[in-house]
Structure formats: C-alpha cells, structure tokens
Amino acid sequence: MTNVRFLGHACFQLEHNGKTYLFDPFITDNPQAPVKADEVQADYIFVSHAHADHLGDTFEIAKRTGATVISTFEIIQECEKEDVKGHPMHVGGKTKFEFGYVRVTPAFHGAGIAGGHACGFIINFGEFTVYFAGDTSLFGDMKLLGEIERINLFLVPIGGNFTMDIDDAVYATKFVGADSVIPFHYNTWPLIAADPLEFKNKVEKNTSSRCLVLNPGEDVQV
C-alpha cells in the first residue's frame, strides 16, 4: 500500500516501500500547510515548476534531509547552485531509479524560470503508478498517457484561473482512467476557490474513478 498525505495547495507526501516522496513542497507561507517545513521528511522531491508556490521549501528540505530533487534541467541547475543533490530530466524523458521509473509529462503552464518548462510526473513503483499533473490546463495527450501507463492514482488541479477548473479536471480524470483521483490547487486563496465535493460528485458520476478529497494534513492509503 502507498500512504498519501496532503500538505495543502499542491504539496503531497507519499510513503511507499520505506521511502518518502515529496511533491511541490510549498509549506512556508502556505496558509493551508498543516506542518512546518523543518518537520517534513523526504528521500526524493519532485518539483513541477519554479513558481514560488511549488518550488517552495525545496532547497531547505533537501539540504536537511539529503533528498534528491527530480525536476527539469533548469531547476536542477538552481539546485546545484544551492549545493542540493538533483537529477535533471525534461518533458518526454523517462528514467529508471532505484524505486522504479519516472516519466516527465507535459504541463501547459508557466515555468517560473528562464528557459524552462512546467511539467508533471508519472512515477511507476512497479505495482503502483501515480500521475502528478502539476499546474496545467486540460490537454488531449492525457488520454494517451492513460493508455500508455496503468495509472492507479491521479493527482489533479481543480482551482481554475491558473489551471484546470472542476469541469476540465473531470475530463482529465476521464482521459487518464486512474483507479483513484485526488484534487489539489484549490481554496488556498480566493482566486482559486473551488468546491472539491462538486468535483467528487462529477467524477463519480461521469468517470470510472473514485475521488478522494483530503483536507490539509489528512492522509489515505491507496
């Protein structure tokens, strides 16, 4: 089983086979964060892009824990300047790691760093696969990704304005065809207000996925 903990906004902490995986660790200055950055552990940190509400506390957590940051080439260059261990990848790349493999997916959004691209991640642990979409609009190749990979858990933004809204995220969920979906990137600020229960109802009415809504600090085993 994989334990998934939501730390608010776009930050998730996954525990699988004794390792801890952190996604977009924006904790300090995150009004939803249920913990402090110095309380968070990680063996690997995935960073989808360099906007402050996603890159967040990456450098500080990686320095303290010795975690390896997996991200785009440009962000890893910044990691190197901070003396943080990193593995550079880019959109379309696929690489094996000790835990399985990582596929870097497109994400249609600003990069937050010169010359960079926003991205998402598909992480295959062998018996379990998670797709973290990052900040993105809806795009048709999500359907292709769902055909290439057997995705168990889909993490998707629903807040609108900067990313998909609820209705587009429902389409994305249908495209991906995951067993379970968890929404993120909503209600952190009024500009991205959204009702996760509306999303849940629409997902379970219009797709084959079950929707798990987590409040910041809550976790679930999938």
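Residues numbered from 1 in each chain as written. Predicted model: local features only at pLDDT ≥ 70, side-chain atom pairs only at ≥ 80, totals over all residues. Heavy atoms only, no water.

Enquirer: Give me the lowdown on the pattern of salt bridges, citing residues and values where you can.
Expert: With the rule as written, the count across this model stands at eight salt bridges. We note a salt bridge from Glu82 to Lys63, for which the minimum N-O separation is 3.3 Å. Placement of the pair is Glu82 in the loop between helix H3 (73-81) and strand S6 (86-89) and Lys63 in helix H2 (residues 58-65), with a sequence separation of 19 residues. Taking the relative accessible area as the measure of exposure, Glu82 reaches 33% and is therefore partly exposed. Taking the relative accessible area as the measure of exposure, Lys63 reaches 48% and is therefore partly exposed. (Salt bridge = Lys/Arg side-chain N within 4 Å of Asp/Glu carboxyl O. Helix = DSSP H or I, 4+ residues; strand = E, 2+ residues; numbered from the N terminus. Buried < 20%, exposed > 50% of the residue type's maximum accessible area, 1.4 Å probe, protein only.)

Enquirer: Got a sec to walk through the sheet that holds strand S9 (residues 119-124)? Specific residues and values, please.
Expert: Remark on secondary structure: sheet strands pair via backbone hydrogen bonds, oriented parallel or antiparallel. Taken in spatial order, the seven strands line up as S7-S8-S9-S10-S11-S12-S13 in an open sheet, and their pairing is mixed. Every other strand in the sheet has two partners, leaving strand S7 (94-97) and strand S13 (210-211) as the edge strands with one partner each. Here S7 pairs with strand S8 (residues 100-106) via four bridges, running antiparallel. Note on S8: the bridge partner recorded for Phe97 is Gly100. Contacting S8, S9 and strand S10 (129-132), helix H4 (residues 141-148) crosses the sheet at an angle of about 165 degrees to S8. (Pairing = 2+ DSSP bridges. Contact = heavy atoms within 4.5 Å. Axes fitted to C-alpha atoms, helices over the stretch in contact; angles between N-to-C directions.)

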